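# Fold and geometry: a report
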Amino acid sequence: QVQLVESGGGLVQAGGSLRVSCAASGRTFSSYAMGWFRQAPGKEREFVAAISRSGGNTYYADSVKGRFTISRDNAKNTVYLQMNSLKPEDTAVYYCAARVTTTTQPMGVYRLAADYYYWGQGTQVTVSS
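Residues numbered from 1 in each chain as written. Predicted model: local features only at pLDDT ≥ 70, side-chain atom pairs only at ≥ 80, totals over all residues. Heavy atoms only, no water.

### Considerations on the side chain of N77
- Mapped onto the secondary structure, N77 falls in the loop between β7 (68–73) and β8 (78–83).
- With sequence-adjacent residues up to four places away left out, N77 is seen in contact with C22, A23, A24, S25, G26 and F29. (Helix = DSSP H or I, 4+ residues; strand = E, 2+ residues; numbered from the N terminus. Contact = heavy atoms within 4.5 Å.)

Set out below in structure tokens:
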């Protein structure tokens, strides 16, 4: 089992940048594919970005492609989401999620919330216009 703790959220002006982090407990972080999701008030949780256990494969929602970058540092048990050129519509609570994978799936990335077993508590990102 893994516990996830997000940090780095805050208030930023449109056009600005922010990096959110997700620290994972346990020794097997490199066994997990990771994802970022977000949920705005009154809306359903939506996929943002995903990264394979190896870090060698990434996948993005069309709405953030070219602006957001997901990365991971397995030595630090941490996954990051660098967000640039932020827009007011990026305002949401951002959640990280983990899915255990096997060595036969080193490049697997997952975009459905149902694919993930573990979730963090979320961090608020607010983009002002």
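### A word on the sheet that holds β7
- One open sheet holds the four strands; their spatial order is β1-β3-β8-β7, and the pairing between them is antiparallel. Only two strands of the sheet have a single partner each, and these edge strands are β1 (4–7) and β7. With strand direction ignored, the average angle separating the axes of adjacent strands in the sheet is 15 degrees.
- Judged from the six bridges that link them, β7 and β8 form a sheet pairing that is antiparallel. Its bridge partner being in β8, S71 is matched across the sheet by Y80. (Pairing = 2+ DSSP bridges. Axes fitted to C-alpha atoms, helices over the stretch in contact; angles between N-to-C directions.)

### Considering unusual backbone geometry
- In this model, N77 sits at a positive phi of 55 degrees, which is unusual for a non-glycine residue.
- The backbone phi angle of S85 is positive, close to 50 degrees, even though this residue is not glycine.

### Some points on the packing of aromatic side chains
- Scanning all chains against the criterion turns up seven aromatic pairs.
- Seen from their ring centres, Y117 and Y118 are 6.3 Å apart, and the 85 degrees between their planes marks the pair as edge-to-face.
- Under the relative-accessibility criterion, Y117 is labelled partly exposed at 45%.
- Ring pairing ties together the aromatic residues F37, F47, Y59, Y116 and W119, which thus form one cluster.
- Against the face of W119 rests R45, its NZ or CZ located 4.8 Å from the ring centre.
- A cation over a ring is seen here: R72 above F29, with NZ or CZ 4.5 Å from the ring centre. (Phe/Tyr/Trp six-rings, centres within 6.5 Å; stacked < 30°, edge-to-face > 60°. Buried < 20%, exposed > 50% of the residue type's maximum accessible area, 1.4 Å probe, protein only. Lys NZ or Arg CZ within 6 Å of the ring centre and 35° of its normal.)

### Looking at the pairing of strand β5 (residues 46–51)
- The element β5 is extensively covered by neighbouring structure, given that five of its six residues are classed as buried.
- Two strands pair when backbone bridges link them, and strand β4 (residues 32–39) and β5 are joined in this way by five bridges, in the antiparallel orientation. Note that in β5 the partner of G35 across the bridge is A50.
- Here β4 folds back onto β5 in antiparallel fashion, the turn holding six residues, of which G42 has a positive phi close to 75 degrees.
- Sheet analysis places β5 next to strand β6 (residues 58–60), joined by three bridges and oriented antiparallel. Looking at β6, one finds that A50 is bridged to Y59.

These results come straight from atomic positions and should not be treated as a statement about function.
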